[in-house]
Amino acid sequence: MKEFKVAIVGASGAVGEEIISILESVDFKIKELIPLASAKSVGKNIIFKNKQIPIQETTHQILKQSNCDIVFFSAGGNVSAEFAPSAAESGALVIDNTSFFRMQNDIPLIVPEVNAEDIKLWKNKGIIANPNCSTIQMVQVLAPLHKEFNIQRVDVSTYQAVSGAGKKGMESLLIQTSNIINNSNDKNFNVFPHEIAFNLIPHIDVFLDNGYTKEEIKMIKETNKIMHSDFQISATCVRVPILRSHSESISIKFNTQVTAQKVRKVLESAQNIVVVDDINNNKYPMPITATNTDNTYVGRIREDYFDKNTIHLFCVADQIRVGAATNAIRIAKKWIEMRD
């Protein structure tokens, strides 16, 4: 079996660190791992398979001359815009975790459980885009249901953890919580538009002229691109004071009458979906259920009180893993499988 030379741009960030951790735990044959980041991270090391590997500065030269097979990008859209083409021109597969390439027509946007065949389109530019974290867990749920019952409309409200804003988001929640408990008035460490400790904020990313945020529009447009669908979607994205794992309340209207039992049966057979739906014993998905796992958990599956074509459910996934790092590695593994 071939071994692969892999680089990670953004190796010192939350998603980069998670990619390294997952690569170490899964069956992924790596000949050499090259951690890359900004100049301020040079001199630091990452640990991979009990070896310390120095972080190098991300440059066009190193990307063009390193002869990598796969390069993961998770350092922000501006970094991907500047450096991803250089990595792709060298012949590497680029898997980009930012939003920069997602809606470009010639770049495939991939969730392997949903549209693995689109991976073949990587040859267009040498780049595959990893979707928004909230989109990934939602389409994992929607795709098997759409295939079976034909979706007409989806309404989703998200409850997104602070780690969606990176390490600074987590630090912000922890510092604010500590300050409130200790009666401190210091609230300067704040990466969100309002205090997040003991609060929630119905505002993720910037507002657009139509009243939606960019995060909400991402979920709408990315879902239909991934699923090759055109059903109606509306999203409301909310930041909540939870460190890790995003939750979503999803209402799905089908073209025909569907029972909760039928939906549950389909999801129980779906790839990387775990149904946790035993309300008699208070068992349902929660962030604590999903954190540090690679599954999307679904529960609270129920029929609408009035409309027999509508089902409501609740899903949770670790957005750093399922919503970013794990999905990226699944893309890479499927790419290798399809090449072989």
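For the structure, check the block above.
Conventions we followed
Note that residues are indexed from 1 along each chain, following the sequence as it is written. Per-residue local features of the predicted model are confined to residues with pLDDT of at least 70, and side-chain atom pairs are confined, for both listing and counting, to 80 or more; whole-chain, interface and lining totals are unaffected and use all residues. Hydrogens are left out, water is left out, and the side-chain values use all remaining heavy atoms of the structure. Labels follow the DSSP assignment, with helices taken as runs of H or I lasting at least four residues and strands as runs of E lasting at least two, numbered in each case from the N terminus. Both definitions apply: the radius of gyration is a C-alpha atom measure, and the globule rule equals 2.2 Å times residues to the power 0.38. Between two residues, a contact is recorded if the distance between any of their heavy atoms is within 4.5 Å. By convention, a stacked pair of Phe, Tyr or Trp rings (six-membered ring in the case of Trp) has centres within 6.5 Å and planes under 30 degrees apart, an edge-to-face pair has planes over 60 apart, and any other such pair is tilted. Categorising residues by exposure relies on relative accessible area from a 1.4 Å probe, with only protein chains included: less than 20% of the type maximum marks a residue as buried, more than 50% marks it as exposed, and the intermediate range marks it as partly exposed. Distance and angle both matter: a charge sits over a ring if NZ of Lys or CZ of Arg is within 6 Å of the ring centre and within 35 degrees of the ring normal. Being paired, for any two strands, means DSSP has found at least two bridges between them. Axis lines are fitted to C-alpha atoms, over the contacting stretch for helices. Their N-to-C directions set the angle, which ranges from 0 to 180 degrees. Between Lys or Arg on one side and Asp or Glu on the other, a salt bridge is scored when a side-chain nitrogen of the former is within 4 Å of a carboxyl oxygen of the latter.

Which residues make up the overall build of the chain, and what values go with them?
Check the secondary structure of the chain and you find 10 helices and 14 strands. The C-alpha radius of gyration computed for the chain amounts to 20 Å, which stays within 12% of the reference 20 Å derived for 340 residues, consistent with globular compactness. Its C-alpha atoms give the chain principal-axis dimensions of about 60 × 60 × 45 Å. The long-range fraction of contacts in the chain, counting pairs at least 24 apart against all pairs at least 6 apart in sequence, stands at 66%.

How would you sum up unusual backbone geometry? Please name residues and give values.
In this model, Asn292 sits at a positive phi of 65 degrees, which is unusual for a non-glycine residue. One can find Asn292 in the loop between helix H9 (287–290) and strand S13 (296–303).

Outline the packing of aromatic side chains, supporting the account with residue identities and numerical values.
One pass over the full model with this rule turns up six aromatic pairs. With 4.8 Å between their ring centres and 90 degrees between their planes, Phe100 and Phe101 make a pair best called edge-to-face. Its relative accessible area of 39% is what places Phe100 among the partly exposed residues. Overall, the relative accessible area of 5% leaves Phe101 in the buried class. If you follow Arg339 out to its NZ or CZ, it ends over the ring of Trp335, 4.5 Å from the centre.

Which residues make up the side chain of Arg321, and what values do they have?
Here Arg321 is to be found in helix H10 (residues 321–339). Exposure remark for Arg321: the relative accessible area of 10% places this residue in the buried category. Those residues in contact with Arg321 that lie beyond four places of it in its chain are Glu18, Ile22, Arg244, Asn292, Thr293, Asp294, Thr326 and Asn327.

A description of the pairing of strand S3 (residues 45–48) should follow, citing residues and the corresponding values.
Along S3, the buried face is formed by Ile46 and Phe48; none of Asn45 and Ile47, which line the opposite face, is buried. As paired elements, S3 and strand S4 (residues 51–54) share four bridges and run antiparallel to each other. Within the sheet, the bridge partner assigned to Phe48 lies in S4 and is Lys51. Where S3 folds back on S4, the antiparallel hairpin that results is connected by two residues, among which Lys49 adopts a positive phi of roughly 55 degrees.

Give a detailed account of the sheet that holds strand S10 (residues 232–239), specifying residues and quantitative values.
An order of S10-S9-S11-S14-S13-S12 is seen for the six strands of this open sheet, with the pairing classed as mixed. Among the strands making up the open sheet, the edge pair consists of S10 and strand S12 (273–275). Strand-to-strand twist of the sheet, defined as the mean angle between neighbouring strand axes without regard to direction, takes the value 20 degrees. In this structure, S13 lies alongside strand S14 (residues 310–317), joined through six bridges in antiparallel fashion. When the sheet's bridge partners are listed, Arg302 is paired in S14 with His312. Across the sheet, helix H7 (residues 214–227) is in contact with strand S9 (151–160), S10 and strand S11 (246–254); its angle to S10 comes to roughly 140 degrees. Contacts from helix H8 (residues 260–268) reach S11, S12, S13 and S14, with the element oriented near 165 degrees to S13.

Go over the pattern of salt bridges with me, naming the residues and quoting the values.
Side chains that differ in sign of charge can pair as their charged atoms come close. Taken as a whole and judged by the stated rule, the model has 18 salt bridges. Residue Glu17 pairs with Lys167 through a salt bridge whose shortest N-O separation is 2.9 Å. Here Glu17 is found in helix H1 (residues 14–25), whereas its partner Lys167 is found in helix H6 (residues 167–181), with 150 residues between them in sequence. Judged by its relative accessible area of 34%, Lys167 falls in the partly exposed class.

Let's hear about the sheet that holds strand S8 (residues 127–129): which residues, and what values?
Read from one edge of the open sheet, six strands run S5-S2-S1-S6-S7-S8, paired in parallel fashion. Where the open sheet ends on each side, the last strands, each with one partner, are strand S5 (56–57) and S8. In this structure, strand S1 (residues 4–9) lies alongside strand S2 (residues 30–37), joined through six bridges in parallel fashion. Counterpart to Ala7 in the pairing with S2 is Ile34. Packed onto the sheet, H1 meets S1, S2 and strand S6 (70–73) and runs at close to 155 degrees relative to S1. Sheet strands in contact with helix H3 (residues 77–89) are S1, S6, strand S7 (93–96) and S8, and its direction is about 175 degrees off that of S6.

Structural measurements only, silent on function.
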